[in-house]
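Architecture at a glance
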Amino acid sequence: MILSDKRILAEIEEGTIVIEPFDRTCLGTNSYDVHLGKYLATYRDRVLDAKKHNEIDHFEIPEDGFVLQPDTLYLGVTLEYTETHKHVPFLEGKSSTGRLGIDIHATAGKGDVGFCNTWTLEISVAQPVRIYAGMPIGQLIYFDVEGDIETLYNTKGNAKYNTKTVRPVESMMWKNSF
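Residues numbered from 1 in each chain as written. Predicted model: local features only at pLDDT ≥ 70, side-chain atom pairs only at ≥ 80, totals over all residues. Heavy atoms only, no water.

**Regarding the sheet that holds strand S1 (residues 17-20)**
- Pairing is antiparallel in the open sheet, where 3 strands are placed in the order S1-S7-S10. Across the chains shown, the open sheet's two edge strands, defined by having one partner strand only, are S1 and strand S10 (116-117).
- Bridge count between S1 and strand S7 (residues 81-84): 4 bridges; the pairing is antiparallel. Counted as the bridge partner of Ile17 is Thr84 from S7. (Pairing = 2+ DSSP bridges. Helix = DSSP H or I, 4+ residues; strand = E, 2+ residues; numbered from the N terminus.)

Written as structure tokens, this is what we have:
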């Protein structure tokens, strides 16, 4: 079941959901709007290799915005830092974002219970579009979990995205054994 606005507020009060900064006007009927942070990144190499550490270059979005181009993967980050200790968070694009031709995640829309960080966005566009730091970019939806959890994400020794950051994080696929 998806949490309602009242339930999200109750979980924030209880401390099982943390959203910083929190703005009550961003709370929807059953979601919370998140915003684009000020940093983007692109991969240095045009051809990526799943078995190697593909390095990225970070840059700050200028005040007058930045034009995203098709055929380039941009890594962005949410302005909001979140913690979810009892629910499964899902990050989805806003319809207004999608109507500009912006996809905010390639496949990584689901978080794990215990995820405590900003969200790295895998951004691609259908046509050139100017974006701005602080613009609404997506929405978080929270689901109840059925059953007890053995290991929260933030306590897993092999969790690859536990380091708190305000910048986008590159793929850590290379840390997997395959």
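**A look at the environment of Pro89**
- Mapped onto the fold, Pro89 is located in strand S8 (residues 87-93).
- Taking C-alpha positions, Pro89 is 18 Å from Asp103, a pair spaced 14 residues apart along the chain.

**A look at unusual backbone geometry**
- Residue Pro21 follows Glu20 across a cis peptide bond; omega there is -5 degrees.
- When you line up the elements, Pro21 lands in the loop between S1 and strand S2 (32-35).
- Located in the positive-phi region is Asp71, a residue other than glycine, with phi close to 65 degrees.
- Tracing the backbone shows Asp71 in the loop between strand S5 (66-68) and strand S6 (74-77).

**Considering the side chain of Glu11**
- Within the fold, Glu11 resides in helix H1 (residues 5-14).
- Taking the relative accessible area as the measure of exposure, Glu11 reaches 4% and is therefore buried.
- Here Glu11 is in contact with Leu3, Thr16, Ile17, Lys86 and His87, once residues within four sequence places are set aside. (Buried < 20%, exposed > 50% of the residue type's maximum accessible area, 1.4 Å probe, protein only. Contact = heavy atoms within 4.5 Å.)

**Some remarks on the packing of aromatic side chains**
- Within this structure, the stated rule accounts for 6 aromatic pairs.
- Judged by centre distance (5.3 Å) and plane angle (20 degrees), the ring pair of Phe22 and Tyr32 falls under stacked. With Phe22 in the loop between S1 and S2 and Tyr32 in strand S2, the pair connects residues that are 10 residues apart, well separated along the chain.
- Classification of Phe22 as partly exposed rests on a relative accessible area of 34%. (Phe/Tyr/Trp six-rings, centres within 6.5 Å; stacked < 30°, edge-to-face > 60°.)

**Details of the pairing of strand S3 (residues 39-43)**
- Most of S3 is tucked away, with 5 of its 5 residues classed as buried.
- Residue alternation in S3 divides its side chains into two sets, Tyr39, Ala41 and Tyr43 and Leu40 and Thr42, and both sets are buried.
- One ladder, built from 5 bridges, connects S3 with strand S4 (residues 56-60); its direction is antiparallel. Across the sheet, residue Thr42 finds its bridge partner in S4, namely Asp57.
- With 2 bridges connecting them, S3 and S6 associate as antiparallel partners. The residue of S6 that forms the bridge with Thr42 is Tyr74.

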